[in-house]
Amino acid sequence: MAFWDNHSKFRIQRIWEESVKFHGKSCPTLALGVRVCDTALTRLELKEPGIDRLVCVSEHDGCCVDAIQIGLHCTAGKKHLLFYKTGKLIFTVYDLVSGKSVRICTRQKIAEKLSSMKVAEILSLPEERLFSFEEARPMTSRVEAKVHLACNAAAEGVPPRDSGVQDCPDQFRKFDTPK
């Protein structure tokens, strides 16, 4: 277990640093998202998430989701980050390769005081003080089909993004408002 503890510590630090860069600032809810990532990877017995391997259903659409995008490689555009907005800090993570899943529920006591907690405290609290766990419901066939259809184009088949970009700002003059 010592390897996982040590690996987890470094993984939390790495995900935290990358998440703050992505999110633009440090906040307690982002820190909680980092811990969700680490907990999911630990429970699914993965060192790293791998691209297109995990799907996260988040019941909350706040700052924590930015950490999930970074730490679990789940994005809304690829339909690997889905929302079921209950407002609760609950996250279900599915491993498409192994078939395993984990439902991570933020403890009520933590959820109630999250905004006043220190980031360092959230990042260092033992998992069992932050979360409880429930059995994850299986992904529906409709959701699974959506996940597998998302962004299946090969990277080289994507047209260059500069095709519609113009060097001159004249194209925007039609949007100027009269003085």
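Above this text you will find the structure in question.
Attention in this report is confined to the structure presented alongside it. None of these values were measured; they are calculated from a predicted model.

Observations regarding the environment of Val20
Along the chain, Val20 turns up in helix α1 (residues 2–23). Along the chain, Val20 and Ala31 lie 11 residues apart, while their C-alpha atoms are 9.0 Å from each other. Setting aside anything within four residues of it in sequence, one finds Val20 in contact with Lys25, Ser26 and Leu30.

Some remarks on the pairing of strand β1 (residues 54–58)
Across the five residues of β1, five count as buried, placing the element largely inside the fold. Residue alternation in β1 divides its side chains into two sets, Leu54, Cys56 and Ser58 and Val55 and Val57, and both sets are buried. Where β1 and strand β3 (residues 90–95) come together, five bridges link them in antiparallel fashion. Counted as the bridge partner of Cys56 is Val93 from β3. Bridging between β1 and strand β2 (residues 81–83) involves three bridges; their strand directions are parallel. Bridge assignment links Ser58 to a residue of β2, and that residue is Phe83.

Let's talk about the environment of Phe83
With respect to the helices and strands, the residue Phe83 is situated in strand β2. On the accessibility criterion, Phe83 (38% relative accessible area) is partly exposed. For the pair Phe83 and Cys56, spaced 27 residues apart in the sequence, the C-alpha separation amounts to 8.4 Å. Apart from residues no more than four positions distant in its own chain, Phe83 is found in contact with Ser58, His60, Asp61 and Val65.

Observations concerning helix α3 (residues 64–72)
Most of α3 is tucked away, with eight of its nine residues classed as buried. Turning to α3, its buried residues are Cys64, Val65, Asp66, Ala67, Ile68, Ile70, Gly71 and Leu72.

Re unusual backbone geometry
The residue Asp52 is not glycine, and still its phi comes out positive at about 65°. Looking at the element boundaries, Asp52 is found in the loop between α2 (28–43) and β1. Its identity is not glycine, yet His73 carries a phi of approximately 55°, on the positive side. Counting through the fold element by element, His73 comes out in the loop between α3 and β2. For His73, a relative accessible area of 36% gives the class partly exposed.

Procedures and definitions
- Residues take numbers from 1 onward in each chain, read along the sequence in its written order.
- Selection of residues for local features in this predicted model requires a pLDDT of at least 70, selection of side-chain atom pairs for listing and counting requires 80 or more, and totals for whole chains, interfaces and linings are taken over all residues.
- As a rule here, side-chain values come from all non-hydrogen atoms in the structure, and water together with hydrogens is ignored.
- Strands here mean DSSP runs of E at least two residues long; helices mean DSSP runs of H or I at least four residues long; both are numbered from the N terminus.
- Contacts are assigned to residue pairs that have any heavy atoms within 4.5 Å of one another.
- Exposure categories follow from relative accessible area, calculated using a 1.4 Å probe and restricted to protein chains: below 20% of the type maximum is buried, above 50% is exposed, and the middle band is partly exposed.
- When DSSP finds at least two bridges between two strands, those strands are taken to pair.

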